[in-house]
Structures are given as structure tokens and as C-alpha cells.
Amino acid sequence: QVQVVESGGGLVQTGGSLRLSCAASGSIFSIDAMGWYRQAPGKQRELVATLASDGRATYAGSVKGRFTISRANTKSTVYLQMDGLSPEDTAVYYCKTTILDVLGYNHDYWGQGTQVTVSS
């Protein structure tokens, strides 16, 4: 059993900043990657940023230069620093953790999501 818990969402004005946290715990053999996705009302869930186990980060074009994904030394916690927020960033943000089991198979686990609202 793996648990993924996000925190740090809230309401912020345009141009403001927020920092999201995501912690994975439970029966974890190895973490392959952790990442952030978001879903705005009426839209599909989209990738925001991911961080692979080797430290490689990937960003959506819409957030590149404004958002930064990083991880704690434990490597089971990732952060999303969001600067220069705009109303277009308003969405529920979800954390996905990809776990490798002992046989090398990937398993994805999602958190419950945290709401980010940016007012104009």
C-alpha cells in the first residue's frame, strides 16, 4: 500500500507564489519518478512537471521558467514552487508517484489533489 499526500494549495493573487508539497509513503521498493499534474474545470488533466529518479526535470511549456520542481533528500517528497501565478494556473493539482516493484514493473499512485486558485 502506497499513500500519496499533497499539501500547500490555496488562494493567491495574480503574480503571487505558492509551494506545493507531495509525500509518498508506505510499501515503496523504489521510486522511479514523481510529478505534478493539474486539472482545470472542464479540461483534461495535464502534466505540469515531473522529476525522474536521476534528477531530470520536465516541464510543460506553459509553466517553464515560472515553476520549479525539486525533491527532499529523502527522495520520497517533491515540491512544486510556483511563481508568477496567473488565473490560467487555477486548477486542482495532483501528485503522481511512479513506483518500481521488485520485479521492475511500474505502478502509478495518485494523491487526492490540492486546489490552487489564482484571483485576478
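All values derive from a computational prediction rather than experimental measurement. (Residues numbered from 1 in each chain as written. Predicted model: local features only at pLDDT ≥ 70, side-chain atom pairs only at ≥ 80, totals over all residues. Heavy atoms only, no water.)

Peer 1: Would you explain the overall build of the protein chain in this entry?
Peer 2: Broken down by element type, the protein chain carries zero helices and 11 strands. Going residue by residue from the N terminus, the α and β elements of the protein chain occur as β-β-β-β-β-β-β-β-β-β-β. Computed over C-alpha atoms, the radius of gyration of the protein chain comes to 14 Å, within 12% of the 14 Å expected from 2.2 N^0.38 for 120 residues, which places it in the range of a compact globule. For the protein chain, the C-alpha atoms occupy an extent of roughly 50 × 25 × 20 Å along the three principal directions. Residue pairs at least 24 apart in sequence account for 55% of intrachain contacts in the protein chain once pairs closer than 6 positions are excluded. Of the accessible surface of the protein chain, which amounts to about 6400 Å², a share of 49% is contributed by carbon and sulfur atoms. When the 10 positive and 9 negative side-chain charges of the protein chain are each reduced to one mean point, those points stand 3 Å apart. (Helix = DSSP H or I, 4+ residues; strand = E, 2+ residues; numbered from the N terminus. Rg over C-alpha atoms; globule rule 2.2 N^0.38 Å. Contact = heavy atoms within 4.5 Å. Areas by Shrake-Rupley, 256 points an atom, 1.4 Å probe, with all protein chains shown as cover. Lys, Arg positive; Asp, Glu negative; His and termini not counted. Charge placed at Lys NZ, Arg CZ, Asp CG, Glu CD.)

Peer 1: Can you walk me through the packing of aromatic side chains in this structure?
Peer 2: To describe a pair of aromatic rings, one takes the distance between the centres and the angle between the planes. What the rule picks out here adds up to one aromatic pair. Ring centres of tyrosine 37 and tryptophan 110 lie 5.1 Å apart, and the angle between their planes is 65°; this geometry places the pair in the edge-to-face category. Residue tyrosine 37 is found in strand S4 (residues 30-39), and its partner tryptophan 110 is found in strand S10 (residues 106-110); the two are separated by 73 residues along the sequence. In this structure tyrosine 37 comes out as buried when scored by relative accessible area, which is 14%. Residue tryptophan 110 is classed as partly exposed on the basis of its relative accessible area, which comes to 38%. Directly above the ring of tyrosine 94 sits arginine 45, whose terminal nitrogen or CZ lies 3.7 Å from the centroid. Positioned over the ring face of tryptophan 110 is arginine 45, at 4.6 Å from the centre of the ring. (Phe/Tyr/Trp six-rings, centres within 6.5 Å; stacked < 30°, edge-to-face > 60°. Buried < 20%, exposed > 50% of the residue type's maximum accessible area, 1.4 Å probe, protein only. Lys NZ or Arg CZ within 6 Å of the ring centre and 35° of its normal.)

Peer 1: Please clarify how a nonpolar patch on the surface should be interpreted in this entry.
Peer 2: Taken together, the side chains of Phe29, Val102, Leu103 and Tyr105 define a hydrophobic patch exposed on the protein surface, amounting to about 520 Å² of accessible area. Mapped onto the fold, tyrosine 105 is located in the loop between strand S9 (91-100) and S10. (Patch = residues over 30% accessible without salt bridge, like charges linked within 9 Å, V, L, I, M, F, W, Y side chains within 5 Å. Salt bridge = Lys/Arg side-chain N within 4 Å of Asp/Glu carboxyl O.)

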